[in-house]
Amino acid sequence: MKADLLYEGKAKRVHEAKDQPGKLVLSYKNDATAFNGKKKATFSGKGRLNNEISSRIFRLLHDYGTETHFIKQLNETEQLVQQTEIIPLEVVVRNQASGSITGRLGLDENTQFNPPIIELFYKNDELGDPLINDDHALVLSDVTGNELKEIKEKALEINHQLQKVFQTINITLVDFKIEFGRLASGCIVLADEISPDTCRLWDITTQEKLDKDVFRQGTGDLLAVYREILKRLEEIS
Ligand code: UDP
């Protein structure tokens, strides 16, 4: 199913799909990293959990009408996707304050954002993924002003859909990061992954953190909380 390795990131490998031009195989790794790669560990089974979780979320988003790169889950750790050229912007949507925004703007954790806040970060490890504004995004990526507007509208719509999904499984979607890619046709679609690596997910009843913050902060068992997210998603997908 796989051919040449095109790219290896912190959490996934990207191969060309064998005999299927224009399609890629994403292979989820067991590695976890935080603080721009400064903290690292391997968790046996994490790749399977994130592949299962992200595949389910992308299927749900597809059912809601969101265009994505996702084609199908191939096996425990791999999925087939449309090849895109990733737009080097990390689009973060925040419904309440947590993580980097609290220190940067002096906000208390839990400050509610209604409407949600969108932040753009330039996807560049060497620069530490800096926060940028729209004008910077137009210089640093090949998107047009209208496409940037479209990306932000899509991000808010995805937030709306994900909030509904997570609410039904008793989880608050605090914030998340998404990436978009350009298909050969020129269309921009949701790409990359959506998983507890890329979202902040808090149990509504107990406020327990069910995401990568347990690893970042060393406060819990990463595999146990990722398993819990998958178990709840299995109830609805
Ligand atoms: N995030 C991500 N990859 C990154 C940076 C952030 O997936 O390289 C996610 C993170 O999990 C959280 C949201 O984006 O759900 C906002 O992250 P924040 O800016 O607060 O950064 P952090 O505190 O994670 O460094």
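Everything that follows concerns the structure shown earlier in this document.
Sequence order as written defines residue numbering, which begins from 1 separately in each chain. In keeping with the predicted nature of the model, local features appear solely for residues at pLDDT of at least 70, side-chain atom pairs appear and are counted solely at 80 or more, and the whole-chain, interface and lining totals rest on all residues. Each side-chain value is derived from all of the structure's non-hydrogen atoms; neither hydrogens nor water enter the calculation.

A. Here's a closer look at the site of the ligand. If a single non-hydrogen atom of a residue is within 4 Å of a molecule or strand, that residue counts as near it. Taken together, 16 residues lie around the ligand, and Arg 94, Ser 100, Asp 175, Arg 200 and Arg 216 are the ones closest in. Side-chain atoms alone can form a polar contact between residues adjacent in sequence; in general such a contact is a pair of N or O atoms within 3.5 Å, and within protein one must be able to donate a hydrogen while the other accepts it. Between an oxygen atom of the ligand and a side-chain N or O atom of Asp 175, the distance comes to 2.6 Å. Measuring from an oxygen atom of the ligand, one finds a side-chain N or O atom of Arg 216 at 2.9 Å. Values of accessible area rely on a 1.4 Å probe in the Shrake-Rupley scheme; residue burial ignores everything except the protein chains shown. Computed on the free molecule, the ligand has an accessible area of 500 Å², of which 78% lies beneath the protein chains in the complex. Residue assignment for the shell around the ligand shows that the elements contributing at least two residues are strand S9 (89-96), strand S12 (171-182) and strand S14 (199-203). Under the scheme applied here, ten amino acids are nonpolar (Ala, Val, Leu, Ile, Met, Phe, Trp, Tyr, Cys and Pro), four are charged (Asp, Glu, Lys and Arg), and all others, including Gly, are polar. Residues belonging to the shell around the ligand are distributed by class as follows: 4 nonpolar, 4 polar and 8 charged. Under the DSSP-based scheme used, a helix requires at least four consecutive residues in state H or I and a strand at least two consecutive residues in state E, with every element numbered from the N terminus.

B. Geometry of the packing of aromatic side chains. Working definition: rings of Phe, Tyr and Trp (its six-membered ring) pair if their centres are within 6.5 Å, and the pair is stacked with planes under 30 degrees apart, edge-to-face with planes over 60 apart, and tilted otherwise. With the rule as written, the count across this model stands at 2 aromatic pairs. Note on Phe 58 and Phe 70: the rings are 6.2 Å apart at their centroids and 40° apart in plane angle, and the pair reads as tilted. Of the two residues, Phe 58 is situated in helix H1 (residues 46-63) and Phe 70 in strand S6 (residues 70-73); the sequence distance between them amounts to 12 residues. Each residue is placed in one exposure class: buried if its accessible area under a 1.4 Å probe, protein chains only, is under 20% of its type's maximum, exposed if it is over 50%, and partly exposed if it falls in between. According to the relative accessible area criterion, Phe 70 is buried, its value standing at 13%. Put simply, a charge is over a ring when the Lys NZ or the Arg CZ is close to the ring centre, within 6 Å, and near the line of the ring normal, within 35 degrees. The ring of Phe 215 carries Lys 39 above its face, with NZ or CZ at 4.9 Å from the centroid.

C. Structural detail: H1. A helix is expected to span 1.5 Å multiplied by its residue count minus one. Taking 1.5 Å per residue as the helical rise, H1 with its 18 residues ought to reach 26 Å, and the 26 Å between its terminal C-alpha atoms agrees with that figure. Of all 18 residues making up H1, 14 are buried, and the element is well covered by its neighbours.

D. Representation of the packing of H1 against helix H6 (residues 222-234) in the model. Between H1 and H6, whose axes approach to 10 Å, the crossing angle comes to 30°. Between H1 and H6, the crossing angle belongs to the class labelled roughly parallel. Considering the relative orientation of H1 and H6, their crossing is left-handed. Taken together, the residues of H6 that come into contact with H1 (itself represented by Lys 46, Arg 48, Leu 49, Asn 50, Glu 52, Ile 53, Arg 56, Ile 57 and Leu 60) are Leu 222, Leu 223, Tyr 226, Arg 227, Ile 229, Leu 230, Leu 233 and Glu 234. Helix axes are fitted to C-alpha atoms over the stretch in contact, other axes to C-alpha atoms as well, and angles between N-to-C directions run from 0 to 180 degrees. Under this scheme an angle from 65 to 115 degrees is roughly perpendicular, one under 35 degrees roughly parallel, and one over 145 degrees roughly antiparallel; angles in between are oblique. Here is the rule for handedness: rotate from the far helix to the near one, and if that takes an anticlockwise turn smaller than a right angle the crossing is left-handed, while a clockwise turn gives right-handed. Every residue pair with non-hydrogen atoms within 4.5 Å of one another is taken to be in contact.

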